[in-house]
Amino acid sequence: MSQAAPTPRRGSSPGSPMTPDEPSPRPPWVLYALLAAMLISSWAWRASVDDSRAEMIDYSTFYAKLEERKVESVVIEGQAIEGKFRAKEKVGERELQEFRSMMPAEDPQLLPALREQEVKIRVKSEEQPFFVALLFTLLPWVLIIGAWVWLSRRARSMMGAGPLAFMNKGTRKFDKTTDVNVTFDDVAGLKAAKRDLQEVVGFLKEPERYRRLGGKVPRGVLLVGPPGTGKTLLARAVAGESGVPFYSISASEFIEMFVGVGAARVRDLFAEAKKNAPAIIFIDEIDAVGRSRGGGLGGTHEEREQTLNQLLSEMDGFSRNDLTIVLAATNRPDVLDQALLRPGRFDRRVIVDRPELDARRAILSVHTKGKPIASDVDLRVVARNTPGFSGADLANLVNEAALNATRRGADEIASSDFSAAYDKIVLGDQREGKLDPKEKHRVAVHESGHAIVAHFAEHAEPLHRVTIIPRGMALGVTQQAPSEDRHLMTQPELTSRLWVLMGGYAAERLMLHSVSTGAENDLKEATRLATKMVANYGMSPKLGAVHYDHESTEPFLGQRIASASGTSDATIHTIEAEARAILTHALEHAAALIAKRRPELERLVARLAEQETLEREELVALLGSPVKAEDGAALQLPVHTSST
């Protein structure tokens, strides 16, 4: 597995055909200017109407002054009246010569009275200025046209395709990295994968060497492995070793709402790569676009299938002299279309698996480099205790250990920090609530039962750690650490594992004379394992070397699908009986071993109740050396018969 690599610098080198990212479409500023002009004009017009130094008076006062022949002139605008007295008149406490007033609705007597009093009359129109009226008339059309233009530009920038695709190639979405500071030396472990990819680097560096004997450059290399195992880092390392342009994109970026966009992006990507050959195209999570066609119910995903068809065409359309290699990564090779996997497209499949013991040790060395590690930390022990961890998991483990050391104010990362980090990752955070003394004693008895069986049973994996501190959904944990990575397990080893799983249940029944719900997960796992031994592994004398569909023959999980799997009811009943017999014998052997080692069990329960967590050295000092040979005979799985 590999360490987290430094992020390559982004950008394009001088002379690169890649265009820089275009700015996002600007808002329609012309529309904003027109709207502002309209508001200003309207405000100016209103201001001109309201700009009067005349004081407002009541209409009744105005009419009384009119009858007294004191009004000289008026300007009528709708219901608004502005006028001028012949001389200053006292209105209330004010002396006015100019005035304003508002006419209530229509007064048919007003105009005859004004003519009778020989008042100068001027009528003012209420119409807006021509420019303002024109603006109000054209504004809706301007807004509609402007919005259409802006949305069109926006759509082209997002799609990268369409009638005006020649104006926007969409290549800005492709990350061309010509300065990748990652090599195979930065990748810890993964020896087999690096060996396969070294040839790809040779193809890119010295193509004539391979063509000399008629060899052909591979079109594509598929990196297959679980998440976090370093597939992307390996692709960067290939680019760094070969020194060629590196185009990286996620397969999900091809897919858009509009049909044809993904295919256009595929064409643009491969066209850019061909211009700069030799080059590497890396497509991450290719299963997002490369799933098998025609497998869905209720129709198909036309955009995804068009994108896949274009990808197939581009990969099979390379000229033989075109040194453009496609690297793709996925953790779901089973869902990929067969046309994508055939030779001529993806010629090679490189397995990037979880790291083995030595590889985990190397990865931990990379991630702890430059960090203050205490003298009590043995990275090989940490690696041995983390089977199944990916490189990303190990990086997270080191980071959590550093954070734990920081929280407790230490200057170095100690072994206890790695243990706390492991518990947090695997089990979860420590619970806030504490167990009452009775529950704590029961959990100590339960975990001690697991530990005694794991320590003394032959073929059981070595006991590493026992804790009764509640974390996540677990009230306590008994951890075993294999001395080396295992790929196969024998029948005695599986039987010993069943013993350990039944140890907690047997200890509760022996010491507390009752059992609790704490054994639920143990019984579930033991039932699953015993059923697989009978139905899948051929370890039942009654059924023999036969494999049955495990999904349909797990009796205690409620999955009885005899008709779908072709398994008869009688066979399923036999599998149930055989699995139950194996579990019964495992419980009997675990109970016998715990009864024989009862003094050690009681010492362990007392120490756990006091100390809560015991490591390997403390367990060996407390229980003694695991002399397992004397119990070996009892571990042989007896030949048993059960009635159907």
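All of these numbers come straight from a predicted model, not from anything done at the bench. (Residues numbered from 1 in each chain as written. Predicted model: local features only at pLDDT ≥ 70, side-chain atom pairs only at ≥ 80, totals over all residues. Heavy atoms only, no water.)

**Re the overall build of the protein**
Alright, step 1. Summing up its helical and strand segments, the protein has 21 helices and 16 strands in all.
Alright, step 2. Out of the 644 residues belonging to the protein, those deemed buried represent 44%.
Alright, step 3. A total of about 33,700 Å² of accessible surface is found on the protein, and carbon and sulfur atoms cover 53% of it. (Helix = DSSP H or I, 4+ residues; strand = E, 2+ residues; numbered from the N terminus. Buried < 20%, exposed > 50% of the residue type's maximum accessible area, 1.4 Å probe, protein only. Areas by Shrake-Rupley, 256 points an atom, 1.4 Å probe, with all protein chains shown as cover.)

**Quick look at the sheet that holds strand 12 (residues 463-467)**
Alright, step 1. The sheet built from 3 strands is open, its strands ordered 13-12-16 with antiparallel pairing. Each end of this open sheet is capped by a strand with a single partner; those strands are strand 13 (477-480) and strand 16 (613-615). With direction set aside, neighbouring strand axes in the sheet form an average angle of 15°.
Alright, step 2. Taken together, the 3 bridges between strand 12 and strand 16 define a ladder with antiparallel strand orientation. (Pairing = 2+ DSSP bridges. Axes fitted to C-alpha atoms, helices over the stretch in contact; angles between N-to-C directions.)

**Some points on the sheet that holds strand 5 (residues 120-123)**
Alright, step 1. Within the open sheet, the 5 strands sit side by side as 1-4-3-2-5. Their pairing is mixed. Each edge of the open sheet carries a strand with a single partner, namely strand 1 (55-56) and strand 5.
Alright, step 2. Of the strand pairs in this sheet, strand 2 (residues 71-77) and strand 5 are connected by 4 bridges, and their pairing is parallel. Counterpart to Val75 in the pairing with strand 5 is Arg122.
Alright, step 3. Most of the contacts of helix 2 (residues 59-67) go to strand 3 (residues 80-91), to which it runs at about 60°, and overall it touches strand 2, strand 3 and strand 4 (94-102). (Contact = heavy atoms within 4.5 Å.)

**Notes on the pattern of salt bridges**
Alright, step 1. In total, this model carries 18 salt bridges according to the counting rule given.
Alright, step 2. For Arg348, the salt bridge is made with Glu199, and the minimal N-O distance between the two is 2.4 Å. Here Arg348, found in strand 11 (residues 348-351), pairs with Glu199, found in helix 5 (residues 191-205); they are 149 residues apart in sequence, far enough to count as distant.
Alright, step 3. With a relative accessible area of 36%, Glu199 lands in the partly exposed category.
Alright, step 4. The shortest N-O distance in the salt bridge between Asp358 and Arg380 comes to 3.1 Å. Of the two residues, Asp358 sits in helix 11 (residues 357-368) while Arg380 sits in helix 12 (residues 379-384), which places them 22 residues apart along the sequence.
Alright, step 5. Using a relative accessible area of 53% as the deciding quantity, one classes Asp358 as exposed.
Alright, step 6. Given the relative accessible area of 36%, Arg380 is considered partly exposed.
Alright, step 7. Through salt bridges with shared partners, a single ionic network connects Lys65, Glu68, Lys70 and Glu89. (Salt bridge = Lys/Arg side-chain N within 4 Å of Asp/Glu carboxyl O.)

**Structural notes on the confidence of the model for the protein**
The predicted coordinates should not be examined in detail at positions where pLDDT is low.
Alright, step 1. Here the protein averages 77 in pLDDT, while 77% of its residues score no lower than 70.
Alright, step 2. Here residues 1-27 scores under 50 on pLDDT; set against residues more than four positions off or in separate chains, the count is 68 contacts.
Alright, step 3. Considering only residues more than four positions removed or in separate chains, one finds that residues 552-564, a stretch of pLDDT under 50, has 26 contacts. (pLDDT = per-residue confidence, 0-100.)

**Quick look at helix 11**
Alright, step 1. The end-to-end C-alpha separation of helix 11 is 16 Å, in line with the 16 Å expected for 12 residues at 1.5 Å each.
Alright, step 2. For helix 11, every residue scored as buried is listed here: Leu357, Ala359, Arg360, Ile363, Leu364, His367 and Thr368. Angular distribution of buried residues about the axis of helix 11 spans 160°; they occupy a single face of the element.
Alright, step 3. As for helix 11, its buried residues are in contact with helix 12, helix 13 (391-407) and helix 14 (415-426).
Alright, step 4. At the C-terminal side of helix 11, Gly370 shows a positive phi close to 85°. (Expected span 1.5 Å × (residues − 1). Arc of directions from axis to C-beta.)

**Some words on the pairing of strand 3**
Alright, step 1. Sheet topology places strand 2 next to strand 3; 6 bridges connect them, and they run antiparallel. In the strand pairing of strand 3, Ser73 is matched with Lys84.
Alright, step 2. Counting the residues between successive antiparallel strands, the hairpin from strand 2 to strand 3 contains 2 residues, one of them, Gly78, with a positive phi of roughly 65°.
Alright, step 3. Linking two consecutive strands that pair antiparallel, namely strand 3 and strand 4, is a turn of 2 residues; a positive phi of about 65° is found at Gly92 within it.

**Topic: a positive patch on the surface**
Alright, step 1. Where like charges cluster on the molecular surface, the positive patch consists of Arg69, Lys84, Arg86 and Lys120.
Alright, step 2. Looking at the element boundaries, Lys120 is found in strand 5. (Patch = residues over 30% accessible without salt bridge, like charges linked within 9 Å, V, L, I, M, F, W, Y side chains within 5 Å. Lys, Arg positive; Asp, Glu negative; His and termini not counted. Charge placed at Lys NZ, Arg CZ, Asp CG, Glu CD.)

**Things to note about a nonpolar patch on the surface**
Alright, step 1. Together, Trp141, Ile144, Ile145, Trp148 and Val149 line one region of the surface with nonpolar side chains, adding up to about 620 Å² of accessible area.
Alright, step 2. Among the secondary structure elements, Ile144 is positioned in helix 4 (residues 130-159).

**Remarks on the nonpolar core**
Alright, step 1. Grouped together as the largest cluster of nonpolar side chains are 48 residues, with contacts concentrated most on Val453, Leu463, Leu498, Met502, Leu604, Leu608 and Leu623.
Alright, step 2. Counting residues per element, the ones that place at least two in this core are helix 15 (437-456), strand 12, helix 16 (491-512), helix 17 (520-535), helix 19 (569-596), helix 20 (598-611) and helix 21 (616-623).
Alright, step 3. Discounting residues that sit within four places of it in the chain, Met502 has contacts with Leu523, Ala526, Leu583, Ala586, Leu587 and Ala590. (Core = buried A, V, L, I, M, F, W, Y, C linked by side-chain atoms within 4.5 Å.)

**Some details on the packing of aromatic side chains**
Alright, step 1. Inspection of the entire model under this criterion finds 6 aromatic pairs.
Alright, step 2. With a centroid separation of 6.0 Å and 50° between ring planes, the pair formed by Tyr59 and Tyr63 is classed as tilted. Placement of the pair is Tyr59 and Tyr63 together in helix 2, with a separation of 4 residues, close to one helical turn.
Alright, step 3. Given a relative accessible area of 14%, Tyr59 falls into the buried group.
Alright, step 4. Ring centres 6.2 Å apart and planes at 20° place the aromatic pair Phe246 and Phe282 in the stacked group. Taken together, the positions of Phe246 in strand 8 (residues 246-250) and Phe282 in strand 9 (residues 279-284) put the pair 36 residues apart, joining distant regions of the chain. As far as the burial class goes, Phe246 and Phe282 line up, both buried.
Alright, step 5. Residue placement shows Arg597 over the ring face of Phe456; its charged tip is 4.0 Å from the ring centre. (Phe/Tyr/Trp six-rings, centres within 6.5 Å; stacked < 30°, edge-to-face > 60°. Lys NZ or Arg CZ within 6 Å of the ring centre and 35° of its normal.)

**Let's talk about unusual backbone geometry**
Alright, step 1. Even without a glycine there, the phi angle at Glu118 is positive, about 55°.
Alright, step 2. Within the element layout of this structure, Glu118 appears in the loop between helix 3 (110-116) and strand 5.
Alright, step 3. Despite not being glycine, His459 has its phi angle at roughly 70°, a positive value.
Alright, step 4. Within the secondary structure layout, His459 lies in the loop between helix 15 and strand 12.
Alright, step 5. Residue class for His459 comes out partly exposed when judged on its relative accessible area of 36%.

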